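A structural walkthrough
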Amino acid sequence: MAKIKIKFRPSMSDGEQGIIYYQIIHNRVARQQKTGYSLYKDEWNSDISEAILPVGNEKNEKREYYLSDINDKIQCDIKVFQSIISDFENKNKEYTSDDIIEEFNILSAGKSFFSFMKSVIANLKTLGKIRTSETYTATLSSLERFREYKDLAFDELDSDMMMAYEAYLRARGVSPNSSSFYMRNARAVYNRAVEKGLTGQRYPFKHVYTGVDKTIKRAVSIKIVKKIKEMDLSGNPNIDFARDMFLFSFYTRGMSFVDMSFLRKRDLQNGVLSYRRRKTGRLLLIKWEKCMQEIVDKYDTSQSLYLLPVIKPQKDADERTQYLYAAHNINNCLKIIGVKLGLSAPLTLYVARHAWASIARSKNVPISVISEGMGHDSESTTRIYLASLDTVAVDKANRMIIKSL
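For the protein, the count of helices and strands is 15 helices and eight strands. In terms of overall size, the protein is more extended than a compact globule, its C-alpha atoms giving a radius of gyration of 28 Å where 405 residues would be expected to give roughly 22 Å. Each principal axis of the C-alpha distribution contributes one length, and for the protein these read about 80 × 50 × 50 Å. Buried positions account for 44% of the 405 residues belonging to the protein. Across the protein, every contact between residues at least 6 apart in sequence was considered, and the portion connecting residues at least 24 apart equals 57%. For the protein, the centre of its 63 positive side-chain charges and the centre of its 48 negative side-chain charges are spaced 8 Å apart.

Nonpolar side chains tend to gather and get buried jointly when the protein is soluble and globular. Met-245, Phe-248, Phe-250 and Phe-257 are the most contacted members of the largest nonpolar core, which totals 59 residues. The leading source of residues in this core is helix α8 (residues 237–251), at nine residues. Look past the residues within four positions of Phe-248 in its chain and what remains in contact with it is Met-260, Leu-263, Trp-288, Met-292, Ile-295, Val-296 and Leu-308. In this structure, Val-120, Leu-124, Met-161 and Phe-205 belong to the second largest nonpolar core, which totals 27 residues.

Our focus in this paragraph is the pairing of strand β2 (residues 18–26). Counting buried positions along β2 yields seven of nine residues, so the element is predominantly enclosed. Of the pairings in the sheet, the one linking strand β1 (residues 3–9) to β2 comprises seven bridges and is antiparallel in character. The residue bridging Arg-9 from the neighbouring strand is Ile-19, located in β2. The sheet contact formed by β2 and strand β3 (residues 29–39) spans eight bridges and is antiparallel.

What counts and how
Residues numbered from 1 in each chain as written. Predicted model: local features only at pLDDT ≥ 70, side-chain atom pairs only at ≥ 80, totals over all residues. Heavy atoms only, no water. Helix = DSSP H or I, 4+ residues; strand = E, 2+ residues; numbered from the N terminus. Rg over C-alpha atoms; globule rule 2.2 N^0.38 Å. Buried < 20%, exposed > 50% of the residue type's maximum accessible area, 1.4 Å probe, protein only. Contact = heavy atoms within 4.5 Å. Lys, Arg positive; Asp, Glu negative; His and termini not counted. Charge placed at Lys NZ, Arg CZ, Asp CG, Glu CD. Core = buried A, V, L, I, M, F, W, Y, C linked by side-chain atoms within 4.5 Å. Pairing = 2+ DSSP bridges.

Structure (structure tokens):
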């Protein structure tokens, strides 16, 4: 029968914590299984394979709880290993040390909230849902910092825990909307775990904020857009490029940067630019204007399939990484432009989208036309108009806005 040994590997660096790992031995073949448990060398008793709890003057309640928790988790892990081995033995089938580890990792994915969240993120990446996996990863990182990288068991995830997390975010200056963003992502993963029967529904998010507050006005006036257009940025190619991407977004009815980045040359046919919004999947058609062509002509994309020079033909280059890197750099450059113009709020690519809608409304363009132009499909008050709205009305509104520059 297979044997499980609990091992401690001290750190090679003085003053650093070592790690606990398991050694699985079967048919004289030994394999190792890492754990997330770490502690200092003098906190480990190798004779009984347990963490040493502080006593006397050395007693520290927080550290005592941490080390006691490690001992509890080790005992739990050993029970899981024993159950796996017993199950293999009862089936009277050959198995290996690797088989034991594989089964342990499958079962461990449902043991804690963090491990389950990591498995959800991995699955999302496999399904190609990269954006969602990135938002979940950001939430997981925030939660791990809050927990000081200590794992979170499902039975610990309750209303008090989430209220403490909300207070932690508030103390670090995180805005209510950003805090809500993390809470909504965590709630979505928690609800998945409930559906899979990994935990009972205890509604841990019922006392934390999960709504969306009104944010400060992000739109700028037509006067500011004109100033941005007329700035002489020839001495700084990076800032000049950022300005062009801002204007292209504005010219194309507030097209999001992710959609701009992945526009292909074939999307422009017979004076009409067509694309599907990555966020909603809606097909949008935009009449091609001279100002749009001027920006495209400014950059050499002869070796690329794409209309704009965001995604570049580089060997082994990840396209999404290029897009994220470009978005980050462009927004940094736009903030510099905003400072030069004395704007009260940061200038970003998203401001172009808000600006188009705000300026269109100031020119009495119907809300239904604005909604269609921006590709919204969640504006309940305008849905009845969107089904039959002629795109000519949208193109006419866009041309009117462009001509006012």
